[in-house]
Each structure stands twice: as structure tokens, then as C-alpha cells.
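Listed below, chain by chain, are the residues.
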Amino acid sequence: MSILESLILGIIQGLTEFLPVSSSGHLEILSYFLGVQGENNLAFTITVHGGTVLSTIIVFRKELAQLLRGFFKFKMNPETVFILKILVSLIPILIIGLTLKEQIEGLFGQNLAFVGTMLIVTSILLWISYRKKPGTKDISYKDAFIIGIAQAFAALPGLSRSGSTISTGLLLGNRREEVAPFSFLMVLIPIIGMNLLDIVSGDFSSSESIGSTPLICGFLSSFITGTFACKWMINIVKRGKLIWFSLYCFLLGLGVILFA
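Source: prediction; values computed, not measured.

Draft legend 1. Layout of the overall build of the chain. The helix and strand inventory of the chain stands at 14 helices and zero strands. Moving toward the C terminus, one meets the helices and strands of the chain in the order α-α-α-α-α-α-α-α-α-α-α-α-α-α. Over its C-alpha trace the chain gives a radius of gyration of 18 Å, about what one expects of a compact globule, namely 18 Å for 260 residues. C-alpha extents for the chain along the principal axes are approximately 50 × 40 × 35 Å. Looking at the chain residue by residue over its 260 residues, the buried ones come to 49%. A fraction of 82% describes how many contacts in the chain between residues 6 or more apart in sequence connect residues 24 or more apart. In the form shown here, the chain has an accessible surface area of approximately 12,700 Å², with 70% of it arising from carbon and sulfur atoms. In the chain, the 19 positive side-chain charges and the 15 negative ones have mean positions that sit 17 Å from each other.

Draft legend 2. Structural view of the nonpolar core. The biggest cluster of nonpolar side chains holds 39 residues, and the ones touching the most others in it are Ile166, Phe182, Phe184, Met233 and Leu242. The dominant element in this core, judged by the number of residues it contributes, is helix α13 (residues 212-239), at six residues.

Draft legend 3. Region of interest: empty space enclosed by the protein. Following the criterion strictly, the structure yields three cavities of 30 Å³ or more and no others. One number sums up the size of the largest cavity: a volume of about 40 Å³. Taken together, Ser129, Tyr130, Leu170, Arg176, Val237, Gly240 and Leu242 make up the full set of residues lining the largest cavity. Each residue belonging to the lining of the largest cavity can be placed in one class, and the counts come to four nonpolar, two polar and one charged.

Draft legend 4. Seen up close, the packing of helix α8 (residues 112-131) against helix α14 (residues 243-259). Relative to each other, α8 and α14 sit at 160 degrees, their axes nearing to 7 Å. For the element pair α8 / α14, the angle class is roughly antiparallel. Between α8 and α14 the crossing geometry is left-handed. Contacts between α8 and α14 pair Leu112, Ala113, Gly116, Thr117, Leu119, Ile120, Thr122, Ser123, Leu126, Trp127 and Tyr130 from the former with Ile243, Phe245, Ser246, Cys249, Phe250, Leu252, Gly253, Leu254, Val256, Ile257 and Phe259 from the latter. Among the residues making up the contact of α8 with α14, the classes are represented as 16 nonpolar, six polar and no charged.

Draft legend 5. Representation of the layout of surface pockets in the model. A volume near 400 Å³ is recorded for the second largest pocket. Looking at the second largest pocket, it is lined by 15 residues, and the ones nearest its centre are Glu63, Gln66, Leu67, Pro78 and Phe82. By residue number, the principal contributor to the lining of the second largest pocket is helix α5 (residues 78-89), which donates five residues. Considering only residue class, the lining of the second largest pocket consists of seven nonpolar, one polar and seven charged.

Draft legend 6. Focus on the environment of Phe259. Relative to the helices and strands, Phe259 is located in helix α14. Between the C-alpha atoms of Phe259 and Asn174, which are 85 residues apart in sequence, the distance is 38 Å.

Draft legend 7. Fine view of a nonpolar patch on the surface. Taken together, the side chains of Leu4, Ile8, Tyr32, Phe33, Leu34 and Phe259 make up a nonpolar region of the molecular surface, amounting to roughly 600 Å² of accessible area. Of all the secondary-structure elements, those providing two or more residues to the nonpolar patch are α1 (3-18) and α2 (23-34). No other element matches α2, which puts three residues into the nonpolar patch. Residue placement: Phe33 occurs in helix α2. Taking the relative accessible area as the measure of exposure, Phe33 reaches 47% and is therefore partly exposed.

Parameters at a glance
Residues numbered from 1 in each chain as written. Predicted model: local features only at pLDDT ≥ 70, side-chain atom pairs only at ≥ 80, totals over all residues. Heavy atoms only, no water. Helix = DSSP H or I, 4+ residues; strand = E, 2+ residues; numbered from the N terminus. Rg over C-alpha atoms; globule rule 2.2 N^0.38 Å. Buried < 20%, exposed > 50% of the residue type's maximum accessible area, 1.4 Å probe, protein only. Contact = heavy atoms within 4.5 Å. Areas by Shrake-Rupley, 256 points an atom, 1.4 Å probe, with all protein chains shown as cover. Lys, Arg positive; Asp, Glu negative; His and termini not counted. Charge placed at Lys NZ, Arg CZ, Asp CG, Glu CD. Core = buried A, V, L, I, M, F, W, Y, C linked by side-chain atoms within 4.5 Å. 1 Å grid on protein atoms, 1.4 Å probe; cavity = no way out; pocket = protein on both sides within 12 Å on 5 of 7 lines; lining within 4 Å. Points joined across faces, edges and corners; volume = space filled by probe spheres on them. Nonpolar A, V, L, I, M, F, W, Y, C, P; charged D, E, K, R; others polar. Axes fitted to C-alpha atoms, helices over the stretch in contact; angles between N-to-C directions. Parallel < 35°, antiparallel > 145°, perpendicular 65-115°, else oblique. Left-handed = near helix turned anticlockwise from the far one by under 90°. Patch = residues over 30% accessible without salt bridge, like charges linked within 9 Å, V, L, I, M, F, W, Y side chains within 5 Å. Salt bridge = Lys/Arg side-chain N within 4 Å of Asp/Glu carboxyl O.

If you want it as C-alpha cells, here you go:
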């Protein structure tokens, strides 16, 4: 992998991990048109995901510190309740990961028509949530589980994780100010957990060698763009301006289907 390819993939990963346009879908499309296969390299995949995880931690460092302080008081308080809701939201993706991991992985690999269809589904979700009247209620345990179901479905290439979870939270009537942070924080454990499993069981050390420089470039580009995209997306959700991403996903999905 060249330095330029690693930069491109890192930027795409950093931007699309948080913006509701599907990082997996964009990497599939990029792989097809540019012949870049870096996203299939275990070392590189773990590295760029590490960049976006770090960007999430940096953006939400104050909130995470407050949550941990409250949780380790070992009593029921708002911080403990929030963490428990996060754990509830992880149940669906845990079930999917244990039962359908191989089937979902089989959908990857330049299946452009499927990616395009899922991008259009993302567009529809964003459009419906844009039309929804702003909610006023906090995320309940039931809401957390339903949002978790949306995250599990977003394992499909082309179906945006942030778009699905944020749209679901808004459609459930939850406050915009709470939906975006919940959506971004709930993904930390699955990404870290999956990467650790890949390192342990995927023979990380024997994956195709692409050199340390491309790995560093991929990490830095995903971290920098991820930090920018995360902050930007929080403001977009608060203002309710998801319609433009809906239009983008629809046009991109339609174009991909027509090309495929």
C-alpha cells in the first residue's frame, strides 16, 4: 500500500465513521473503482479504526471522565444509568456477532448493487427522521435496546451506523442533544472489542505487510478527520440538518446501482 492510498483510506474512514453516509459502503466503492484493497488488510483496518476510536475519546473526554467517576462510585446515579443503557444497546450486536458474523462478512467484497441499495435505505431513514418533530424525552432502556438493533443492522455494507442509530433515536422521540453522543459512545466497546478479537484470533502479526509509514499515515488521517467529523456531526444533529446527507446517500446509492 502506498502512502497516498493509506491517506485516502484513512480520510474516508475518519469522515464516514461519524457522518451518516456509511464508512463500509464508501470503502467498498473505493475498493472497486481504485483497486485499493487496504481495507481488507487486518493491520490497516485495526489501525484506522483505532484512529476513529481515539478521536471519539478525545471529543468526549470530559463526558467519559464524568461517566467513569460516577460509575466507580458504585451506586445508582445518572452516570451509572447511562452506562447501563450503553450496555443494553450492545446486546443486539453481540447476538449478531456471535450468530451471523460469517454471513455478514460474505456480503462484503465489491457487491456494489447491495451497497447502493443500503445507501438508499440510509437515505430514507435520514429523510424520515428529518421530517420527525423534535423529541423531548431521554433515552430509556427500551430505546437503548432498539437503537442497538439499528446498530446491529448497520453491520451491513452501505447501511450507515451513525445514520441508523441517530435516526432511530430521533424517531423514538429522544432529545437531539442526547442522541448523537449516545450514538458515538455506544460504538466504542464493539469497535475496541472486535479489534482485540482480530488481534488475538486473526493472526495480526502475519497479515500482509504494508510497512509502518502507511500505517502511521492511515492512523493520523483517520484520527484528524474523525475528530473533525465527530464534532461537526454533533452540531448537525442538534440543528436537525440531516436532509443533505439523505440526498447525498440517495444519489450515491442510485449511481452505484446503475453502474453495477
